[in-house]
Amino acid sequence: MQASQINHVLDFMRDAISEVSKWWWRFFDWVAVVEWRRLFLTWFVVLMCFGILNTPEPAVWYIFISFAVKVLAGGKRKAELVARDATLQANVATLERRLMEAKMAALQAQVEPHFLFNTLALIGQLIETNPPEAARVHAHLIDYLRSTLPQMRARDGGTLGKQVELSRAYLAIMQARMKERLGIRFEVPLFLHSAPFPPMMLQTLIENSIKHGLEPKIEGGTVSVRAQVVGATLQVEVCDDGVGIDPHADDGVGLANIRERLQLLYGTQAELLIATPPGGGACATIRLPYKMMMEDA
Amino acid sequence: MNSAAITALIADDEAPMRDLLRARLSSVWPELQIVAEAANGVQAVELGQRHRPDIAFLDIRMPGLSGIEAARQLYTHSHIVFATAYDQYALDAFQQGALDYLLKPVTAERLATTCARLRTRLEAQRDAKLVASPDANRDTDRDTSVPPQDIGQQLARLTALLENKGQAKPQTGYLRWIQAQVGASLRMVSTREVLFFQSDEKYTRVQTATSEFLIRKTLKELLDELDPDEFWRIHRSTLVRVDAIADVSRDVRGRQMLRLKNYAGEALEVSRNHSYLFQQM
């Protein structure tokens, strides 16, 4: 009993000391950076207050201590704070560099050779059996490549409408290959087509849906893309009714890249959510601040 | 040798590819009878076992069963020819082994070569059967005939190869997704997003940078299934993501406290038993 009581007292003392030292350093920092003019002003106010109470000693102590701190430590402290600012700026620079790297990775991980070869093989065979269809797939492939090859990418790729257009080209190609095994549904209201949206995120999600959800499923299924505004959030959802997600499968470069870019672009205001609905399949949702982006644009 | 027509099966999940191969075959080898067409691996095995075709043309990437897996069930009574558009690892393996393969889109010349080879092989086989000697189905030309057990071995090797490399996804066997019930649906939280797990009486709390979930899996189960290099146990009730650790400091009571990057919430206590994890080098 005795020992535990002593422990409690000791704990309380430690906490009290840490609290006091915290406040002291806060005061110290403030004195170090405050302008002389303001410091004089506080001296005057403090003198007046304690003068009225007829006990000027604390005021004198305050003036003495703050004067001493200002003279002795002001310069050093100021330098420290400047250094902290510089570190912060360096951190921002690091962030910018990471964003650049993530963008580069997104650019490079574009056209999968497997997809390209299969599509070219398809066009080659359609030229003989169904030339109009060949021309159609060929045109879609050109649209798709224009948006995915870094050298070809247009600068205005950053709207949701543009991203939807590119995804449609990709899906049209996949539909020519998978035929009735692939269903497509888009629910993107027209007014959202002008909303800014980072490039290559929608495509990555759709490719994942097809590659991991529908292609392995014998009877195939449907990919649906839905965009809506919920409060101040733009919510873009890619759902499929495929084979679902294996909890032990790696989440892949694509999703990691989306997550990284969202974090760098929007911090904690954006997120990528993956869910498996009760009916099976998988749903990936990107949530971005909507209003904020409109102001930025 | 024309007692019975030579039969074949085509398996490809993409209808246009089946059409092309059928069209090409009819011009290169008109007598060949296509007895069945399959749109996935399971169907290929089923039809292959029912019709017992002389030749099976199998696409490698198919839903259900891959072409290679299907081949492992069919090679004993059918000659296997693989078709693929782009499968680097498989191509390497084919070039080393003696398995037949076609590159898509299939060109007439290439198909003609393959068909000629198949024809000689099938004829040799029939002659051997006529002689009825069990040893005679071994051809003199090693290039055109391979004993079935060799093919079996090659297929097994190919399967292993594709599982390891072809998918470009090393399956480490560690848990990669945390499944948390949120409303009616199951939220899949990538372990890369998780900052820490903390046991909380009946549940385990999963904390990410933006949200928190409760799951039923115990910390002990998680500890067994997660990658030990990715998550460290720092306390009886806490598993923390190593990458997320910002710094470790001692509080006034001398406890080691861990702060996390991108997380403004509480600091995590490191228990004495685990403090060896955080020592100066």
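What you see is a predicted model, and the numbers here were worked out from it, not measured in a lab.

**Observations concerning the overall build of chain B**
Thinking step 1. Along its length, chain B carries 7 helices and 15 strands.
Thinking step 2. For chain B, the proportion of its 281 residues judged to be buried stands at 36%.
Thinking step 3. Looking at chain B alone, contacts between residues at least 24 apart form 53% of all its contacts between residues at least 6 apart.

**Quick word on helix α4 (residues 113-129) of chain A**
Thinking step 1. Along its 17 residues, α4 of chain A runs 24 Å from first to last C-alpha, staying within 8% of the 24 Å computed at 1.5 Å per residue.
Thinking step 2. Listed as buried for α4 of chain A are Phe-115, Asn-118, Thr-119, Ala-121, Leu-122, Ile-123, Gln-125 and Leu-126 of chain A.
Thinking step 3. Turning to α4 of chain A, the residues buried within the fold contact α5 (131-148) and α6 (160-178) of chain A together with α1 (15-28) of chain B.

**Digging into unusual backbone geometry**
Thinking step 1. Here Asn-54 of chain A, not a glycine, exhibits a phi torsion of approximately 65 degrees, which is positive.
Thinking step 2. Examined against the element boundaries, Asn-54 of chain A turns out to sit in the loop between α2 (36-52) and α3 (57-108).
Thinking step 3. Positive phi outside glycine occurs at Glu-201 of chain B, with the angle close to 50 degrees.
Thinking step 4. Relative to the assigned elements, Glu-201 of chain B resides in the loop between β8 (194-200) and β9 (203-208).
Thinking step 5. Since 6 C-beta atoms lie within 10 Å of it, Glu-201 of chain B is described here as exposed.

**Let's talk about the sheet that holds β9 of chain B**
Residues and elements named next belong to chain B.
Thinking step 1. As summarised here, the arrangement of the 5 strands in space is β10-β9-β8-β12-β11, forming an open sheet in which the pairing is antiparallel. Where the open sheet ends on each side, the last strands, each with one partner, are β10 (212-215) and β11 (231-235). Averaged over all pairs of adjacent strands, the angle between their axes in this sheet comes to 20 degrees, without regard to strand direction.

**So, the packing of α4 of chain A against α5 of chain A**
All names here are of chain A.
Thinking step 1. With their axes 7 Å apart at the nearest point, α4 and α5 run at an angle of 155 degrees to one another. Taken together, the axes of α4 and α5 are roughly antiparallel relative to one another. Where α4 crosses over α5, the two elements pack in a sense that is left-handed. Contact residues: Thr-119, Leu-122, Ile-123, Leu-126 and Ile-127 in α4; Pro-131, Glu-133, Ala-134, Val-137, His-138 and Leu-141 in α5.

**Notes on the sheet that holds strand β5 (residues 282-289) of chain A**
Thinking step 1. Strands sit in the order β1(A)-β2(A)-β3(A)-β5(A)-β4(A)-β7(B)-β6(B) across an open sheet of 7 strands; the sheet is mixed. Two strands bound the open sheet, and with one partner strand each, they are β1 (182-187) of chain A together with β6 (177-182) of chain B. Along the sheet, successive strands turn relative to each other by an average axial angle of 25 degrees, direction set aside.
Thinking step 2. In terms of strand pairing, strand β4 (residues 271-276) of chain A meets strand β7 (residues 185-190) of chain B through 3 bridges, oriented antiparallel. When the sheet's bridge partners are listed, Ile-274 of chain A is paired in β7 of chain B with Met-188 of chain B.
Thinking step 3. Running at roughly 165 degrees to β1 of chain A, α6 of chain A makes contact with β1 and β2 (221-230) of chain A of the sheet.
Thinking step 4. Sheet contacts for helix α7 (residues 201-214) of chain A: β1, β2, β3 (233-240) and β5 of chain A; angle to β3 of chain A, the most-contacted strand, approximately 25 degrees.

**Describing the pairing of β6 of chain B**
Residues and elements named next belong to chain B.
Thinking step 1. Strand direction decides the pairing type here: β6 and β7, joined by 6 bridges, are antiparallel. Along β7, the bridge assignment pairs Ile-178 with Val-189.
Thinking step 2. The turn joining β6 and β7, which pair antiparallel and follow one another in sequence, is formed by 2 residues; a positive phi near 60 degrees is taken by Gly-183.

**Re the interface of chain A and chain B**
Thinking step 1. At the interface, 38 residues of chain A touch 34 residues of chain B.
Thinking step 2. Contributing elements (two or more residues each) for the side of chain A that touches chain B: α1 (2-33), α4, α6, α8 (252-266) and β4 of chain A.
Thinking step 3. Per element, the largest residue contribution to the side of chain A that touches chain B is 10 residues, and it comes from α4 of chain A.
Thinking step 4. Looking at side-chain class alone, the side of chain A that touches chain B contains 18 nonpolar, 9 polar and 11 charged residues.

**Examining the confidence of the model for chain A**
Thinking step 1. Per-residue confidence for chain A averages 83 on the pLDDT scale, and 92% of its residues sit at or above 70.
Thinking step 2. At the level of individual helices and strands, chain A shows its lowest average pLDDT in helix α9 (residues 291-296) of chain A, which scores 50, and its highest in β3 of chain A, which scores 95.

**Description of the pairing of β9 of chain B**
All names here are of chain B.
Thinking step 1. Where β8 and β9 come together, 6 bridges link them in antiparallel fashion. Considered in β9, the bridge of Phe-196 is made with Gln-207.
Thinking step 2. Taking the residues that link successive antiparallel strands as the turn, the β8-β9 hairpin has 2 residues, and the phi of Glu-201 there is positive, at about 50 degrees.
Thinking step 3. Of the strand pairs in this sheet, β9 and β10 are connected by 4 bridges, and their pairing is antiparallel. The partner of Arg-205 across the bridge, within β10, is Leu-214.
Thinking step 4. Where β9 folds back onto β10 in an antiparallel hairpin, the turn is made up of 3 residues.

**Structural notes on the nonpolar core**
Thinking step 1. By size, the foremost hydrophobic cluster in this structure holds 68 residues, and its most contacted members are Tyr-170, Ile-173, Ile-206 and Val-238 of chain A together with Val-240 of chain B.
Thinking step 2. For this core, the element with the highest residue contribution is α6 of chain A, accounting for 9 residues.
Thinking step 3. Other than its neighbours up to four places away in sequence, Val-240 of chain B contacts Phe-196, Phe-231, Trp-232, Ile-234, Ile-245, Leu-258 and Leu-268 of chain B.
Thinking step 4. Counting 38 residues, the second-largest nonpolar core is a separate cluster that includes Ala-70, Val-81, Phe-94 and Leu-99 of chain B.

**Focus: the environment of Leu-47 of chain B**
Thinking step 1. Position of Leu-47 of chain B among the secondary structure elements: in helix α2 (residues 41-51).
Thinking step 2. If sequence neighbours within four positions are ignored, Leu-47 of chain B has contacts with Leu-9, Ala-36 and Ala-38 of chain B.

**Observations concerning the packing of α2 of chain B against helix α3 (residues 67-74) of chain B**
All names here are of chain B.
Thinking step 1. With their axes 9 Å apart at the nearest point, α2 and α3 run at an angle of 15 degrees to one another. Classified by the angle between their axes, α2 and α3 sit roughly parallel to one another. Seen from above, α2 lies across α3 with right-handed handedness. The segment α2 lies against α3, with Gly-41, Ala-44, Val-45 and Gly-48 engaging Gly-67, Glu-69, Ala-70, Gln-73 and Leu-74.
Thinking step 2. Split into classes, the residues belonging to the contact of α2 with α3 amount to 4 nonpolar, 4 polar and 1 charged.

Reading guide: rules and limits
- Residues numbered from 1 in each chain as written.
- Chains lettered and ligands numbered in written order.
- Predicted model: local features only at pLDDT ≥ 70, side-chain atom pairs only at ≥ 80, totals over all residues.
- Helix = DSSP H or I, 4+ residues; strand = E, 2+ residues; numbered from the N terminus.
- Buried ≥ 20, exposed ≤ 12 C-beta atoms within 10 Å, placed from the backbone.
- Contact = placed C-beta atoms within 7 Å.
- Expected span 1.5 Å × (residues − 1).
- Pairing = 2+ DSSP bridges.
- Axes fitted to C-alpha atoms, helices over the stretch in contact; angles between N-to-C directions.
- Parallel < 35°, antiparallel > 145°, perpendicular 65-115°, else oblique.
- Left-handed = near helix turned anticlockwise from the far one by under 90°.
- Nonpolar A, V, L, I, M, F, W, Y, C, P; charged D, E, K, R; others polar.
- pLDDT = per-residue confidence, 0-100.
- Core = buried A, V, L, I, M, F, W, Y, C linked by C-beta atoms within 7 Å.

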